[in-house]
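Residues per chain, in single letters:
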Amino acid sequence: MSDTMQAVAINQYGDEQTLEMITLPMPTIGEHQVLIKSKATAINPLDWKLRAGYLTSMFDWAFPIVLGWDLAGVVTEVGSAVTDWQVGDEVFARPATSNRGTYAEYVTVDDELVARKPKNVTFEEAAAVPLAGETAWQALFNHGHLKAGETVLVQAGSGGVGSYAIQFAKAMGAHVITTTSAKNFDLVRDLGADEIIDYRNEKVADKAHNVDLVIDTIGGQSQVDAWSVLNPETGRQISIVGEAPETADIIKDTKMTFKAIWLIPNGEQLREIADLMADGKVKSIIDTVLPFSAEGLIKSHQLSATHHSTGKIVIKF
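Basis of the calculations
Residues numbered from 1 in each chain as written. Predicted model: local features only at pLDDT ≥ 70, side-chain atom pairs only at ≥ 80, totals over all residues. Heavy atoms only, no water. Phe/Tyr/Trp six-rings, centres within 6.5 Å; stacked < 30°, edge-to-face > 60°. Helix = DSSP H or I, 4+ residues; strand = E, 2+ residues; numbered from the N terminus. Buried < 20%, exposed > 50% of the residue type's maximum accessible area, 1.4 Å probe, protein only. Lys NZ or Arg CZ within 6 Å of the ring centre and 35° of its normal. Pairing = 2+ DSSP bridges. Axes fitted to C-alpha atoms, helices over the stretch in contact; angles between N-to-C directions. Contact = heavy atoms within 4.5 Å. Salt bridge = Lys/Arg side-chain N within 4 Å of Asp/Glu carboxyl O.

- In the nomenclature of an unreviewed UniProt entry, the protein is known as Zinc-containing alcohol dehydrogenase (Oxidoreductase) of Latilactobacillus sakei subsp. sakei.

Spelled out as structure tokens, the structure:
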């Protein structure tokens, strides 16, 4: 094995043209870590927000910064204390957030964050899951406390987080309403949506009533409008994009609750998602697959920033 590898990284904050192919030393692993040879990674808004310098107060890292926090690949080395994984295992993971992300040929991952890739799932489909899937899971269950029989409104159901949230909510026995554009009606219906709202031509408040939980993936006016559809006694809204300025005033004299969340990587949840995928109850929706190269990553960032991809944008090694 070579003592160096290729990675796409940034050496300064800026637009997507700051992404460049560089050579880095091969990663070393600790006793509770595995080394994974990358087969695929995926793009998330976190990637280009960090690239643009919007998150420097949270992540004060030295350059070069390798972006990317979704990974599917093959284990090539295991730490001395690792018992669950062995060389040759096909796995996927949402690694810990660091300046050595997954736009790289090899990635070090804590063994507890790794899940086995189901045999019926490709590396590209697996790589689409971890960040968006774990975010959807935590929004619905850890923070949203969704129960069977409740009604959930998933905003932007054809997006990365939304497409998984519909499937998880359906698998757990919830009634699912979602917003999307007309061209994606068949897609979200196939994922399990019971009711669909065309956000371009219909108002959420006219179509949805007495909702128990809203998963907000958009923020702004969508978050504000959603308060009118929630059950005033049980209504709760979980946002993955932060709090709209009006939200605190809207709910201050009600029993409705709001929480903005940030993903905590969780291998146990990823393994539960893997089981649902193995059973055919959850699948990845992939918009585009691009090659691992500076050009491929630049194009993928441009596409992600339009907010109009259906499902996930994946990079194949």
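Considering the packing of aromatic side chains
Phase 1 of the analysis: What the rule picks out here adds up to nine aromatic pairs.
Phase 2 of the analysis: Each ring, one from Y13 and one from F63, has its centre 5.0 Å from the other, and the planes form 65°; the classification is edge-to-face. Here Y13, found in the loop between β1 (4-10) and β2 (20-25), pairs with F63, found in the loop between α1 (45-51) and β4 (65-66); they are 50 residues apart in sequence, far enough to count as distant.
Phase 3 of the analysis: With relative accessibility at 34%, the residue F63 sits in the partly exposed group.
Phase 4 of the analysis: Ring geometry for F59 and W61: centres 4.9 Å apart, planes at 35°, overall tilted. For the pair F59 and W61, one class covers both residues: buried.
Phase 5 of the analysis: Within the aromatic cluster, the residues linked to one another by ring pairs are F59, W61, W69 and W262.
Phase 6 of the analysis: Taking NZ or CZ as reference, K49 lies 5.9 Å from the ring centre of W48, over its face.
Phase 7 of the analysis: Above the plane of the ring of F123 lies K117, whose end atom (NZ or CZ) is 4.9 Å from the centre.

Regarding the sheet that holds β4
One key point about sheets: their strands pair by backbone hydrogen bonds, in either a parallel or an antiparallel sense.
Phase 1 of the analysis: Taken in spatial order, the three strands make up an open sheet running β2-β1-β4, and their pairing is antiparallel. With partners counted over all chains shown, the strands left at the sheet margins are β2 and β4, one partner each.
Phase 2 of the analysis: The pairing of β1 with β4 spans two bridges and is classified as antiparallel. When the bridges of β4 are listed, I10 appears paired with I65.

Observations concerning the sheet that holds strand β9 (residues 151-154)
Phase 1 of the analysis: One open sheet holds the six strands; their spatial order is β11-β10-β9-β12-β13-β14, and the pairing between them is parallel. In this open sheet, the two edge strands, each paired with only one partner strand, are β11 (195-198) and β14 (257-260). Adjacent strand axes in the sheet meet at a mean angle of 15°, parallel and antiparallel pairs treated alike.
Phase 2 of the analysis: The pairing of β9 with strand β10 (residues 175-180) spans four bridges and is classified as parallel. Pairing of L153 across the sheet is with I177, part of β10.
Phase 3 of the analysis: Across the face of the sheet, helix α3 (residues 130-143) comes into contact with β9, β12 (213-216), β13 (236-239) and β14 while running at roughly 150° to β12.

A closer look at the pattern of salt bridges
Phase 1 of the analysis: For the coordinates displayed, the defined rule picks out twelve salt bridges.
Phase 2 of the analysis: A salt bridge links E124 to K316, with the nearest nitrogen and oxygen atoms 3.6 Å apart. Of this pair, E124 sits in helix α2 (residues 123-127) while K316 sits in strand β16 (residues 312-316); the two residues are 192 residues apart in sequence, bridging distant segments of the chain.

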